[in-house]
Amino acid sequence: MQSPTGPSRQPDASRAQAQYRGRAARYDVELAPFEPLRREALDLLDLRPGDTVLDVGCGTGLSFDGLKGKVGARGHIVGIDPSPEMLAQARVRIALHHWSGITLVPATAAAAPLHGRADAAIFHFTHDVLRDPAALDHVFAHLKPGAQVAATGLQWAPPWLPLTNAFVLGAALYSVTSLDGLARPWDLLAQRLTDVRLHSRPWAGLYVLGGRVALSSGA
Ligand SMILES: C[S@@+](CC[C@H](N)C(=O)[O-])C[C@H]1O[C@@H](n2cnc3c(N)ncnc32)[C@H](O)[C@@H]1O
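First, a word on what this report is: a plain description of the structure on this page. Just so we're clear, the structure is a prediction, and the values are computed from it rather than from any experiment. (Residues numbered from 1 in each chain as written. Predicted model: local features only at pLDDT ≥ 70, side-chain atom pairs only at ≥ 80, totals over all residues. Heavy atoms only, no water.)

1. Side note on the pattern of salt bridges
Quick reminder of the rule: Here, a salt bridge means any Lys or Arg side-chain nitrogen found within 4 Å of an Asp or Glu carboxyl oxygen. Secondary structure elements follow DSSP: runs of H or I of four or more residues count as helices, runs of E of two or more count as strands, with numbering from the N terminus.
Enumeration according to the criterion identifies 9 salt bridges in this entry. A salt bridge links K144 to D119; its shortest N-O distance comes to 2.7 Å. Placement of K144 in strand β5 (residues 143-154) and of D119 in strand β4 (residues 118-124) is noted, with a sequence separation of 25 residues between them. The partner of R131 in a salt bridge is D187, with the nearest N and O atoms 2.7 Å apart. Within this pair, whereas R131 is found in the loop between α6 (127-130) and α7 (133-140), its partner D187 is found in helix α9 (residues 187-190), the two being separated by 56 residues in sequence. A single salt-bridge network, built from bridges that share partners, covers R23, R26 and E30.

2. Examining the site of the ligand
Stated formally: To be near a molecule or strand, a residue needs just one of its heavy atoms within 4 Å of it. We define a polar contact as two N or O atoms separated by no more than 3.5 Å, with the added condition that, inside protein, one atom must be a possible hydrogen donor and the other a possible acceptor, whereas residues neighbouring each other in sequence contribute only through side-chain atom pairs. Note on areas: Shrake-Rupley with a 1.4 Å probe; residue coverage comes only from the protein chains shown. Detection works on a 1 Å grid of protein atoms alone, calling trapped sets that fit a 1.4 Å probe cavities and calling open sets with protein on both sides within 12 Å along at least five of seven lines pockets, with lining residues defined by an atom within 4 Å of a point. To qualify as sitting in a cavity or pocket, a molecule needs more than half of its atoms within 2 Å of the grid points. In this count, Pro and Cys sit with the nonpolar residues alongside Ala, Val, Leu, Ile, Met, Phe, Trp and Tyr, while Asp, Glu, Lys and Arg are called charged and the others, Gly among them, polar.
The environment of the ligand is made up of 16 residues, and the closest members are Y27, R38, G57, D81 and H124. The backbone of H124 places a nitrogen or oxygen atom 2.8 Å from a nitrogen atom of the ligand. Its free accessible area being 600 Å², the ligand has 95% of it covered by the protein chains. A molecule is said to occupy a pocket when more than half its atoms come within 2 Å of that pocket's grid points, and by this definition the ligand occupies the largest pocket. Partitioning the shell around the ligand into residue classes produces 9 nonpolar, 5 polar and 2 charged.

Printed below as a string of structure tokens:
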């Protein structure tokens, strides 16, 4: 049951839209301190020119530059996000860079109309999506066998690091609608992957994870 005032146990897409409505214009500045984490996530994706990548919860498109550098002019980025305001910023970014080959899908990850299967997916600071099994099932149904996946986000620090946990709590209340699973935010994702590489930094309240979709259901 969702609460009108605080985080719900389950992710709540309409509350997420309200969170980002007022935040979109200043979002890029707020995320600046975390850009090294984005670069780490992008480095985990060994993409080739012409590849297609799903940027799940793409927001204002801060990953597009790095992804474009990997998939090139022939490649394709599919940015999925339910926030009209965040996608408006993404459209400005695309226009400023004169990028082609980027499709913006204004929808939640669970309901996004997707076609075909992509070579990779990135989930950068998308805790709500990572706590929604239906969203993960839907995205994974549109990834090729062997597709690469990278994810980043907040995680609880050990209890003896209260300042880090205060940062995680503040950032989570500001950015996500469910605090569920912040001890191991990657677990629903990791169980769908093989070759998992987890770089968990609980002292910093942050993690980066890479992995692959299994080549076959038995792999
Ligand atoms: C912290 S921002 C991250 C944006 C972007 N990934 C980045 O690298 O900066 C979280 C984004 O997830 C989006 N979001 C929230 N719930 C979602 C859902 N159910 N499906 C897809 N995106 C969602 C929000 O609208 C917001 O743009």
